[in-house]
Amino acid sequence: MDELFQHQQDDVFTTLIQWAKPLESVRAMLLTSTRSIPNASVDIFSDYDVILIVEDIRPFYEDRRWLADFGEVLVVYWDPIHPEPEHGNEITANVTQYADGLKIDFTLWPVDLFQKIVQAPSLQAELDAGYRVLLDKDHLTNGMKPPTYKAYIPTPPTNDVYQLLINDFFTDAPYVAKCLLRGELLPAKWCLDYDMKHVHLRPMLEWRVGVESNWSVPTGSLGKGLKKQLPSEIWSELEDAYAGANTLENWEALFRTMALFRRVAMEVGAGLGYTYPMKLDQRVTAFVEKMQMHGDTTSDRSR
């Protein structure tokens, strides 16, 4: 393990630039994400997010041996070639994990697309969150707007959005209960740990951070950074809302997830001046409690 994660940031930048300079097909190279943001929290595990501006993305996609120029490839994921949503040009990207611990996420954009992005009235979120020009052979970045570093800062939800998120969260609870009664672990865990926690609870937690920070703190992908942004007791409640495979523990995790969501949603509502739908909460909670009791009664009868 001693040889892992020994690469230094400046050395990686130098390697990338020296690699790209003699390649006629590579016209520019940008760094984005954490390592391009001033004073961002960076550690040895932080990725290198690199945008390659190339004449044609297909040769890089079809002949992938170039990835080995940066080290021994451990494993790599590739996006299929697909149209960029706003401008329609073909793009692709990969996530490359190297055997020495280096991880580089390469995004491949054609020159024509990059020129459209530079000329657009505002930067795309990925660039507005922070970028650094590593190489520019043709002055393609001339006139490019500087990043505001404000991308991915959440905006206050409207009352309708707030109410809908709460409603959708509680629609999941009876389904989890049903799966636990049936002994269906996989759908129960998917709904409890992904749908209820990531799709519904996580945005509510991020809104709470927004209320507390006056909507000045960007959110991280998949909840990265939330532990540092939330009060320790809320984070502890979130940890307690996870369970293993045991059915009883998952019942407890379900009710703890609901209790945490209730607490945070009420705090967010108070901060925004919205009314928490307590009657909906009470109806669903009572229903799920009855389902749990039904399971306990059935279990007793089978003994």
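None of these values were measured; they are calculated from a predicted model.

### Here we look at the overall build of the chain
Scanning the chain from N- to C-terminus turns up ten helices and seven strands. Each principal axis of the C-alpha atoms in the chain carries an extent, and together these give about 75 × 45 × 35 Å. Sequence-distant contacts, at least 24 apart, represent 64% of the contacts inside the chain between residues at least 6 apart. Split by element, the accessible area of the chain, about 16,300 Å² in all, is 53% carbon and sulfur. Positive and negative side-chain charges of the chain, numbering 29 and 44 respectively, have mean locations separated by a distance of 6 Å.

### Structural notes on the environment of F13
If you trace the backbone, F13 turns up in helix α1 (residues 9-20). Taking the relative accessible area as the measure of exposure, F13 reaches 3% and is therefore buried. Measuring from C-alpha to C-alpha, the distance between F13 and Q163 comes to 46 Å, with 150 residues separating the pair along the chain. Not counting chain neighbours up to four residues away, the residues in contact with F13 comprise L31, Y48, R132 and L134.

### Looking at the packing of aromatic side chains
Counted under the stated rule, the structure contains 15 aromatic pairs. Centre to centre, the rings of W190 and Y194 are 5.3 Å apart; their planes meet at 45 degrees, and the pair counts as tilted. With a gap of four residues between them, W190 and Y194 both fall in helix α6 (residues 185-213), about one helical turn apart. You can call Y194 partly exposed: its relative accessible area is 41%. Geometrically, the ring pair formed by W251 and F255 is stacked, given 6.3 Å between the ring centres and 20 degrees between the ring planes. Taken as a pair, W251 and F255 lie in helix α9 (residues 247-272) at a separation of four residues, close to a single helical turn. On the accessibility criterion, W251 (7% relative accessible area) is buried. Three or more aromatic residues link up through ring pairs in this structure, and these residues are W19, F60, Y61, W66, F70, W78 and F106.

### A word on unusual backbone geometry
One non-glycine residue, H139, lies in positive phi territory at about 60 degrees. Checked against the element boundaries, H139 lands in the loop between β7 (131-136) and α5 (159-182). A residue is classified by how much of its surface remains accessible, and H139, at 55% relative accessible area, is exposed. For Y149, which is not a glycine, the phi torsion comes out positive at approximately 60 degrees. Mapped onto the elements of the fold, Y149 is located in the loop between β7 and α5. Using a relative accessible area of 34% as the deciding quantity, one classes Y149 as partly exposed.

### Side note on the nonpolar core
By size, the foremost hydrophobic cluster in this structure holds 39 residues, and its most contacted members are M204 and L254. Looking at this core, the elements with two or more residues in it are α5, α6, α8 (232-240), α9 and α10 (278-301). Not counting residues within four places of it along the chain, the set of residues in contact with M204 comprises Y162, L165, I166, F261, V264, A265 and V268. Grouped together as the second largest cluster of nonpolar side chains are 26 residues, W19, A20, W66 and F106 included.

### Examining the state of the cysteines
Evaluated as defined, the whole model comprises zero disulfides. Free of any disulfide, C179 has its nearest neighbouring cysteine sulfur in C191, separated by 7.0 Å. For C191, a relative accessible area of 2% translates into the label buried.

### As for α6
Residue K197 marks the point of greatest curvature in α6, where the axis turns by about 45 degrees. Looking one or two residues past α6, N214 carries a phi angle of roughly 60 degrees, positive in sign.

Rules of the game
Counting restarts for each chain: residues are numbered from 1 in the order of the written sequence. At least 70 in pLDDT is required for a residue's local features to be given in this predicted model, at least 80 for side-chain atom pairs to be given and counted, and no such filter applies to totals for whole chains, interfaces and linings, which use all residues. As a rule here, side-chain values cover all heavy atoms of the structure and leave hydrogens and water aside. Segments assigned H or I by DSSP are reported as helices when at least four residues long, segments assigned E as strands when at least two residues long, and all are numbered from the N terminus. For this analysis, residues touch if any pair of their heavy atoms sits within 4.5 Å. All accessible-area figures derive from a Shrake-Rupley calculation using a 1.4 Å probe, and residue coverage is judged against the displayed protein chains alone. Only four residue types enter the charge count, namely Lys and Arg as positive and Asp and Glu as negative; His and the chain termini do not. In this description, the location of a charge corresponds to atom NZ of lysine, CZ of arginine, CG of aspartate or CD of glutamate. Accessibility here uses a 1.4 Å probe with only protein chains present; expressed as a share of the type maximum, an area under 20% marks a residue as buried, one over 50% as exposed, and anything in between as partly exposed. For Phe, Tyr and Trp, rings pair up if their centres lie within 6.5 Å, where Trp contributes its six-membered ring, and each pair is then called stacked (planes under 30 degrees apart), edge-to-face (over 60) or tilted (otherwise). Nonpolar cores are built from buried Ala, Val, Leu, Ile, Met, Phe, Trp, Tyr and Cys residues. Side-chain atoms within 4.5 Å join them into one set. Disulfide assignment relies on a single distance test, namely cysteine sulfur atoms paired within 2.5 Å. What we call the bend at a residue is the angle made by axes fitted to the seven residues finishing there and the seven residues starting there.

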